[in-house]
Every structure is written in structure tokens, then in C-alpha cells.
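Residue-level structural notes
Residue-level listing of the chains:
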Amino acid sequence: MSVVFFVAALGIAVGSGYLFETNFKKEVYSDLTGERGTLMGAIQGIFAAQYEVLRAKGHSPSEAFNETVEELTQSLMPLVAENGMDWMYANCSTTAQRGALDWWKKFRDATLPVFTELYESVAAGNEAAKSIESNSKADYREKLDEELKELRESELWQTGKTVRSLRPENAEPREPLSKQIRNKTDYVAKVTAINSKISEQVS
């Protein structure tokens, strides 16, 4: 049995959705780039930047979060995963179509130097060295908790926590119409209170 056949069989056996040919070096480089890039690092940076702009321009926390994170994660990305970005562009509103087509290349051009810098840092071994050095320190967990606290307690993700609690799947089972109306009133009141509270903290 060849090594390639064995690896493919192993991948299928553990339930991999699909397999692709690579080697250890390429896997490390692409993995570290992806984690620091669009999978986790870059997307958080983009979330934070857009949210900050919307808030600075007077939008409420819930509105800024909805237009930055909630619509993307709950509505758009599942459809992109199923059908592709071209399908999404073809099936969204005309304002979204025009805006996306006009702006995506600007974002590509703006971020390309950062991704190039990132890949070169990965290829030079800097990112792996940083991870090993950081993870080896006795106080790693404490410092990690501090960094995570900064994210967790940011206005962006505090708003997200509230918005997630108000999703339909987290609501109570179907109830009489009169109670549904009261619940919707409570929902509006809760969002309004959250927006006011966060706005007071920021000002």
C-alpha cells in the first residue's frame, strides 16, 4: 500500500470533508497564515475597524454590530459556503451588488501588503518562534486571559453577547399572541437599554 493511498484512506476514515495534496512545509505555512489572516486575526481586525467607524458616525451599538458581524455570520456566510461568493453577489440586492463589486478590489489592494508581510514572517520562522516562546512561559495562561479579556469586554463583543441572546433560537417556545407582543416589546426595550448603557460607558 502506497503512502498516498494510506493517507487518503485515513482521511476518509476520520470523516474529512475533502482532501488536498500538500506537504508538511506547505501545510504549516498556509495554516499559520490562515490563522493570523482571514480565519481569525484579519477578520477580527476588520470587524473592529468597521464597528469603530459606525459607532463614531453615530450608529447604535446594536446596529453597528448587526451590520458588521451578525448579518455576515448568520445570513451571508452559510450561503457563501454552500454556493460561492459569485452566487451571493448575483442573488443579493442591487445596492449590495454594486457596492461589493466596486469595493472588494480596494480592500484586496489595501490588505495585500499586510498579507504579504504576514506570509514572509511565517516563512522566516518568526511566527512559529513567537508561538513557541510565548507558549513556553510559565505565565502564558495569565497573559492570555488578559488579552482575551480585552476582546471579551470590548464594546463590540459585549454588544454581540446581548445580540446572540436575542436570536430566535434562544427565545422561548411559541407562545400566545398576547405574550409574543409583550416579548417583542421587551426585546425592543432591552436593545434600547443596552444601547443606552454602552453609549454612556463610551461617552
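Their axes nearest at 9 Å, the elements helix H4 (residues 61–83) and helix H9 (residues 155–165) cross at an angle of 90°. Regarding the angle of H4 to H9, the classification is roughly perpendicular. In this structure, H4 uses Pro 61, Ser 62, Phe 65, Val 69 and Glu 70 to contact H9, whose residues at the interface are Glu 155, Leu 156, Trp 157, Thr 159, Gly 160 and Val 163. Split into classes, the residues belonging to the contact of H4 with H9 amount to six nonpolar, three polar and two charged.

The grouping of Lys 149, Arg 152, Lys 161 and Arg 164 at the surface amounts to a positive patch. Mapped by element, the contributors of at least two residues to the positive patch are helix H8 (140–152) and H9. Of note, Arg 164 is situated in helix H9. What makes Arg 164 partly exposed here is its relative accessible area of 33%.

Thresholds applied
- Residues numbered from 1 in each chain as written.
- Predicted model: local features only at pLDDT ≥ 70, side-chain atom pairs only at ≥ 80, totals over all residues.
- Heavy atoms only, no water.
- Axes fitted to C-alpha atoms, helices over the stretch in contact; angles between N-to-C directions.
- Helix = DSSP H or I, 4+ residues; strand = E, 2+ residues; numbered from the N terminus.
- Parallel < 35°, antiparallel > 145°, perpendicular 65-115°, else oblique.
- Contact = heavy atoms within 4.5 Å.
- Nonpolar A, V, L, I, M, F, W, Y, C, P; charged D, E, K, R; others polar.
- Patch = residues over 30% accessible without salt bridge, like charges linked within 9 Å, V, L, I, M, F, W, Y side chains within 5 Å.
- Areas by Shrake-Rupley, 256 points an atom, 1.4 Å probe, with all protein chains shown as cover.
- Salt bridge = Lys/Arg side-chain N within 4 Å of Asp/Glu carboxyl O.
- Lys, Arg positive; Asp, Glu negative; His and termini not counted.
- Charge placed at Lys NZ, Arg CZ, Asp CG, Glu CD.
- Buried < 20%, exposed > 50% of the residue type's maximum accessible area, 1.4 Å probe, protein only.

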